[in-house]
Amino acid sequence: MITPQDSIAAIVGHITPPIKKEGTAFAPTNIALCKYWGKRDESLNLPVTSSLSLSLGNKGTRTTLSAKKNAQDTVLFNDKAIPSSDPFFKRLSYYLDLFRPELDWGFQVITHNNIPTAAGVASSASGFAALALALNQLFDWNLNKKQLSILARLGSGSACRSIYSGFVEWHVGQDPNGMDSYAEPLDVSWPELCLGILTVSTEKKEMSSRSAMKQTRATSLFYKCWPEKAQRDLMALKKAIKIRDFSQLGSISESNAFAMKALMLTTEPPILYWQPETLNAIRKVSDLRKQGIEVYCTIDAGPNLILLFEEKNKRRVEQLFIGIEIEVG
Ligand code: PMV
């Protein structure tokens, strides 16, 4: 069996003590328009399908990292010390285990997020991407983006897409060692495209996407249809992006998110991330379309919506969805 340690060894070789004092990096969060839902390899975070996302310019995670011999890990998140018993601390420490020069080395992590954490707006994606980039700085590895994307994937699958800005495709790959499963940007800019985060709840979600997708794959009768749906949506989305067809981009993204929701609902026991406010907002989006205002939505593993619209409708969206945080293409 191939382990994350094998991937690290193939990319950076033997880990020696860092030469630099610290490494600092920012990574944007990303919103999947064609979702990643299901792993073919749990320990390497290798997906069942390819996926496609859009990174959110200034929204994401900034992380500063240093390392010391004879020290314990410490984590400061949004200026608050996180206890070592916290699942978030444990997840970081577990990932950092892959990079300790020796067992008695500890990492000091100072991290800031400007997005709601664990409410279904991909905070682990920007978190692990920023950590991989900061490790590269700290150890002075000079890795390329493909290698960084693989390192980030080992922390959280969707993090491999947060190495880039703009539209990003994560190639499913075939190799059991995962070296062909990494993300790459699409060479397209779409300045009029807007994305709005509509937070209807900031409560911590009940189930991590890691456990949820595992349950889905194991128990949903509909899961066997998912690879075909994802592949079809991916192709159609890439075409829509190339010719900047907003209606296609919006309707395929929405359909893909609802198909993922169908998988969750048919999981045993069912996974219910949505709140009543989620459904109210979806209704509002669909009513707007009936009035000729083209707005679409996508939703990840949580209750919050991401609205997709064009800049010409920005003011209208701002008026109708109070508190929405908008990012322009
Ligand atoms: O990378 P994870 O384990 O946080 O999974 C992310 C899953 C979704 O956000 C729901 C979909 C995606 O492609 O980002």
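Residues numbered from 1 in each chain as written. Predicted model: local features only at pLDDT ≥ 70, side-chain atom pairs only at ≥ 80, totals over all residues. Heavy atoms only, no water.

Asks: Got a sec to walk through empty space enclosed by the protein? Specific residues and values, please.
Replies: Evaluation of the coordinates by the stated rule reveals one cavity of 30 Å³ or more. Reported here for the largest cavity is a volume of approximately 30 Å³. As for the largest cavity, its lining consists of Ala257, Met260, Lys261, Met264, Trp274, Ile299 and Asp300. In terms of residue count, the dominant contributor to the lining of the largest cavity is helix H7 (residues 246-265) (four residues). Residue classes in the lining of the largest cavity are distributed as five nonpolar, no polar and two charged. (1 Å grid on protein atoms, 1.4 Å probe; cavity = no way out; pocket = protein on both sides within 12 Å on 5 of 7 lines; lining within 4 Å. Points joined across faces, edges and corners; volume = space filled by probe spheres on them. Helix = DSSP H or I, 4+ residues; strand = E, 2+ residues; numbered from the N terminus. Nonpolar A, V, L, I, M, F, W, Y, C, P; charged D, E, K, R; others polar.)

Asks: Break down helix H5 (residues 209-219) for me, with residues and values.
Replies: Within H5, the full set of buried residues consists of Ala212, Met213 and Thr216. Along H5, the residues classed as buried sweep out an arc of 95 degrees about the axis, all on the same side. Residues of H5 that are exposed and point over 90 degrees away from its buried face: Lys214 and Ala218. Buried residues in H5 make contact with strand S2 (39-41) and H7. (Buried < 20%, exposed > 50% of the residue type's maximum accessible area, 1.4 Å probe, protein only. Arc of directions from axis to C-beta. Contact = heavy atoms within 4.5 Å.)

Asks: Describe in detail the site of the ligand, supporting the description with residues and values.
Replies: The environment of the ligand is made up of 14 residues, and the closest members are Tyr36, Ser156, Ser158, Arg161 and Ser209. Between Ser158 and the ligand, the recorded distance is 2.6 Å, taken from a side-chain N or O atom to an oxygen atom. With respect to the ligand, the side chain of Arg161 contributes an N or O atom lying 2.7 Å from an oxygen atom. In isolation the ligand offers 380 Å² of accessible surface; the protein chains occlude 95% of this area. (Near = heavy atom within 4 Å. Polar contact = N/O pair within 3.5 Å; in protein donor to acceptor, adjacent residues only side chain to side chain. Areas by Shrake-Rupley, 256 points an atom, 1.4 Å probe, with all protein chains shown as cover.)

Asks: Can you explain the environment of Asn313? Please cite residues and give values.
Replies: With respect to the element layout, Asn313 can be found in the loop between strand S12 (305-310) and helix H9 (314-320). Between the C-alpha atoms of Asn313 and Glu294, which are 19 residues apart in sequence, the distance is 8.0 Å. Setting aside its immediate chain neighbours within four residues, Asn313 contacts Ile293 and Glu294.

Asks: Quick one: what's the story with the layout of surface pockets, residue by residue and with numbers?
Replies: For the second largest pocket, the calculated volume is near 330 Å³. Taken together, 14 residues form the lining of the second largest pocket, with Ser43, Tyr94, Tyr95, Leu154 and Arg210 sitting closest to its centre. Within the residue set of the lining of the second largest pocket, elements represented by two or more residues are helix H1 (4-12), helix H2 (87-96) and helix H4 (145-155). Here the lining of the second largest pocket is composed, by residue class, of six nonpolar, four polar and four charged.

Asks: Quick rundown of the environment of Leu198? Include the residues and the values.
Replies: In this fold, Leu198 is placed in strand S10 (residues 193-198). Leu198 gets classed as buried once you look at its relative accessible area, which sits at 8%. Sequence-wise, Leu198 and Thr216 are 18 residues apart; in three dimensions their C-alpha atoms are separated by 26 Å. Every residue in contact with Leu198, bar those within four places of it in the chain, is listed here: Ala281, Asn304, Leu305, Phe321, Ile322 and Ile324.

Asks: How would you summarise unusual backbone geometry if you had to cite specific residues and measurements?
Replies: With omega at -10 degrees, the peptide bond leading from Glu268 into Pro269 counts as cis. Mapped onto the secondary structure, Pro269 falls in the loop between H7 and helix H8 (276-290). Positive phi values are uncommon outside glycine, yet Asn78 reaches one of about 45 degrees. Mapped onto the fold, Asn78 is located in the loop between strand S5 (74-77) and strand S6 (80-81). Of note, Arg244 is a non-glycine position whose phi angle comes to about 50 degrees, a positive value. Looking at where Arg244 falls in the secondary structure, it is placed in the loop between helix H6 (226-242) and H7.

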